[in-house]
Amino acid sequence: MRKFDTKVQHLKYKVLREVARQAWNDTLLDNILDIPKIIVPGKTPTMRCCVYKERAILAERVKLAMGGSKDSRSAVEVIEIACDECPSAGYEVTDSCRGCLAHRCEDVCRRGAIVFDHQHVAHIDKSKCIECGACAKVCPFTAIVNRKRPCQVACKIKAISINENNAAAIDEDKCISCGACVYQCPFGAISDKSYILNVIDILKAAEQGKEYKTYALVAPSIASQFSYAKLGQVISGLKQLGFHTVVEVALGADMVAQAEAKELAEKGFLTSSCCPAFVSYIKSSFPELVQHISHNLSPMGTIAKYIKETTGNSKIVFIGPCTAKKMEVQLDTVKPYVDVAMTFEELQALFDSRDIDITQLEEDVLDNASYFGRIFARSGGLSDAVAEGLKEQNLEFELQACACDGIEECRAALLKKSKNVLQANFIEGMACVGGCIGGAGCLTHGVKNRADVDKYGREAMEKTIASAVSCLPQVHRQDDTPAQ
């Protein structure tokens, strides 16, 4: 039964599961130092040069599982001790250098960083090199290449550099917490902070009679996750964990589609506000376009706001594929409505920390949203939903949508808009390739995920956006008691 794409994800999960298990038992503080030994028992290392380094890295992973550094604003952190296996990044001369006589690389280098050995083979003096790449461009053998670390390749906004300790460093002023580096790091040296302990505190307090209802808001991309079980069993598992009610964030997406269609018709041009990483990217890299960001909260924020404002006392936990949501819930505009955000990876750890085998549970029902709300999970879904919102509200506006799949496409569209050469009047921005189904907090990533989301959406084809939104009061009438 394969639950994760990579062994790095599985290692991260094991730490989260053990931290959660100790927290449920109120033994975390007593046993915190023993968790690395529990995960790697004995004296034989499984991943590193020695068991002691392996456990030292696991101790850092435990810290991240408990919320990470309070001094860091980003949802993503580097474990420096684990970041020492990748070669130094930058330009280097490969074995393809033939020791030619032309020495074009030397001629073009303005810093005198190219030197030659006794066989005329070129070498780069890193103390002088400024990584301009001029030498690589003129080499007739393409013998000079730019070696980039996987995290640097993954980070399309260039927020990652290499520090004096030869470890990755994140520029928090640039970072949008998309988590691309987290998923691509082959050593798991970059990871997102976890607030799983906050979730456990909320659920334990509810178990002990605290006077509030606990809501689990599940992102529509859940349809592509937990492939080893049925979606209805996942819902039952959430209630067995102690959540009073499970609500589709896709219902919030219906609300956003309806409101955003109206806002677009009034203003004539918008960029979407659903992806927090995309919104953060606009603010940091295209501040002149901030005025065009939709004033609507994201689907998560929208449905959470509705619940908080219409329910006496509630605690709300968002569960989805997105590491950037952990940053979004800290915003002043969202903080009053969402108490904690966690990923699908963390939900799997929660299930297993309580020995809940969801494959053995009866299926529950998740039936709040329309087809259009559910397809927000994949690239293009938001644009389709806005088009439907315009149609249902009889708004005479010709939508010309530009659905951007990944930050590179987002950058291209925003750059065109900044130069007034964009033909579209609506930019749907998704920081992750494929949309939310490509989020760093997913259990699995793949082409099949899009098909799963569309299939899940078609189960609600009889609903219009308006009819889904009209059923909002039913959110409060679900399940008077948690499933046992």
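Placed above this text is the structure.
Rules used in this analysis
Residues numbered from 1 in each chain as written. Predicted model: local features only at pLDDT ≥ 70, side-chain atom pairs only at ≥ 80, totals over all residues. Heavy atoms only, no water. Helix = DSSP H or I, 4+ residues; strand = E, 2+ residues; numbered from the N terminus. Axes fitted to C-alpha atoms, helices over the stretch in contact; angles between N-to-C directions. Parallel < 35°, antiparallel > 145°, perpendicular 65-115°, else oblique. Left-handed = near helix turned anticlockwise from the far one by under 90°. Contact = heavy atoms within 4.5 Å. Nonpolar A, V, L, I, M, F, W, Y, C, P; charged D, E, K, R; others polar. Buried < 20%, exposed > 50% of the residue type's maximum accessible area, 1.4 Å probe, protein only. Polar contact = N/O pair within 3.5 Å; in protein donor to acceptor, adjacent residues only side chain to side chain. 1 Å grid on protein atoms, 1.4 Å probe; cavity = no way out; pocket = protein on both sides within 12 Å on 5 of 7 lines; lining within 4 Å. Points joined across faces, edges and corners; volume = space filled by probe spheres on them. Patch = residues over 30% accessible without salt bridge, like charges linked within 9 Å, V, L, I, M, F, W, Y side chains within 5 Å. Areas by Shrake-Rupley, 256 points an atom, 1.4 Å probe, with all protein chains shown as cover. Salt bridge = Lys/Arg side-chain N within 4 Å of Asp/Glu carboxyl O. Lys, Arg positive; Asp, Glu negative; His and termini not counted. Charge placed at Lys NZ, Arg CZ, Asp CG, Glu CD. Expected span 1.5 Å × (residues − 1).

Trainee: Any chance you could explain unusual backbone geometry here in plain terms?
Mentor: Excluding glycine, most residues fall at negative phi; most peptide bonds, likewise, are trans. In this structure, Asn166 is a non-glycine residue whose phi angle is positive, near 65°. By the element assignment, Asn166 lies in the loop between strand S6 (160–162) and strand S7 (168–170). Phi angles above zero are rare outside glycine, and Asp355 is one such case at about 55°. Secondary-structure assignment places Asp355 in the loop between helix H15 (344–353) and helix H16 (371–374).

Trainee: Would you take a moment to explain the packing of helix H9 (residues 196–207) against H15 for this structure?
Mentor: What describes two packed helices is the angle between their axes and the distance between those same axes. Two elements in contact, H9 and H15, have axes separated by 11 Å at closest approach and are oriented at 50°. The pairing of H9 with H15 is recorded here as oblique in orientation. Between H9 and H15 the crossing geometry is right-handed. Mapping the contact onto sequence places Ile196, Val199 and Ile200 in H9 and Glu346, Ala349 and Leu350 in H15. For the contact of H9 with H15, the class distribution of residues is five nonpolar, no polar and one charged.

Trainee: What exactly am I supposed to notice about the environment of Tyr212 here?
Mentor: Locating Tyr212 in the fold gives a position in the loop between H9 and strand S9 (213–218). According to the relative accessible area criterion, Tyr212 is buried, its value standing at 13%. Along the chain, Tyr212 and Ser294 lie 82 residues apart, while their C-alpha atoms are 32 Å from each other. Sequence-distant contacts of Tyr212, that is, excluding residues within four places in its chain, are made with Asp201, Ile202, Ala205, Ala206, Asn313, Ser314 and Lys315. A polar side-chain atom of Tyr212 sits 2.9 Å from the main-chain carbonyl oxygen of Ile202.

Trainee: I'm lost on the layout of surface pockets in this one. Help?
Mentor: Here the idea is plain: a probe the size of a water molecule rolls over the atoms and shows the empty space left. Estimated volume of the largest pocket: approximately 650 Å³. Along the wall of the largest pocket there are 28 residues; nearest its centre are Pro276, Val279, Ser280, Lys283 and Leu331. Every element with two or more residues in the lining of the largest pocket is listed here: helix H12 (276–285) and helix H14 (325–328). The element contributing the most residues to the lining of the largest pocket is H12, with six residues. Classifying every residue of the lining of the largest pocket gives 12 nonpolar, 10 polar and six charged. Every residue lining the second largest pocket is counted, 28 residues in all, and those nearest its centre are Ala431, Cys432, Val433, Gly434 and Gly438. Only helix H8 (180–184) and helix H18 (407–418) provide two or more residues apiece to the lining of the second largest pocket. A per-class count over the lining of the second largest pocket returns 14 nonpolar, nine polar and five charged.

Trainee: Would you mind showing me how to read H15 here?
Mentor: The periodicity of an α-helix, 3.6 residues per turn, causes residues three or four places apart in sequence to face the same way. Extensive coverage of H15 is indicated by the burial of 10 of its 10 residues. All buried positions along H15 are accounted for by Phe344, Glu345, Glu346, Leu347, Gln348, Ala349, Leu350, Phe351, Asp352 and Ser353. Here the buried face of H15 lies against helix H1 (7–24), H9, helix H10 (231–241), strand S12 (314–320), H14 and strand S13 (340–343). Among the residues trailing H15, Asp355 stands out with phi positive, at a value near 55°.

Trainee: Which parts of the structure should I look at to understand empty space enclosed by the protein?
Mentor: Tallied over the full model, the rule gives six cavities of 30 Å³ or more. Empty space within the largest cavity amounts to approximately 280 Å³. Contributing to the lining of the largest cavity are 23 residues, with Cys274, Cys275, Cys322, Lys325 and Cys436 lying nearest its centre. At the level of elements, helix H11 (249–267), H12 and helix H13 (299–310) are the ones that each hand at least two residues to the lining of the largest cavity. A per-class count over the lining of the largest cavity returns 19 nonpolar, three polar and one charged.

Trainee: It is not clear to me how a positive patch on the surface should be interpreted in this structure. Could you clarify?
Mentor: Positive charge collects at one region of the surface, where Lys148, Lys156, Lys158 and Lys174 lie side by side. Mapped onto the elements, Lys158 comes out in the loop between helix H7 (150–154) and S6. Owing to a relative accessible area of 62%, Lys158 belongs among the exposed residues under this scheme.

Trainee: Please clarify how H9 should be interpreted in this entry.
Mentor: Compared with an ideal rise of 1.5 Å per residue, which puts 12 residues at 16 Å, H9 spans 17 Å between its outermost C-alpha atoms and is within 8% of the ideal. Of all the residues in H9, the buried ones are Ile196, Leu197, Val199, Ile200, Ile202, Leu203 and Lys204.

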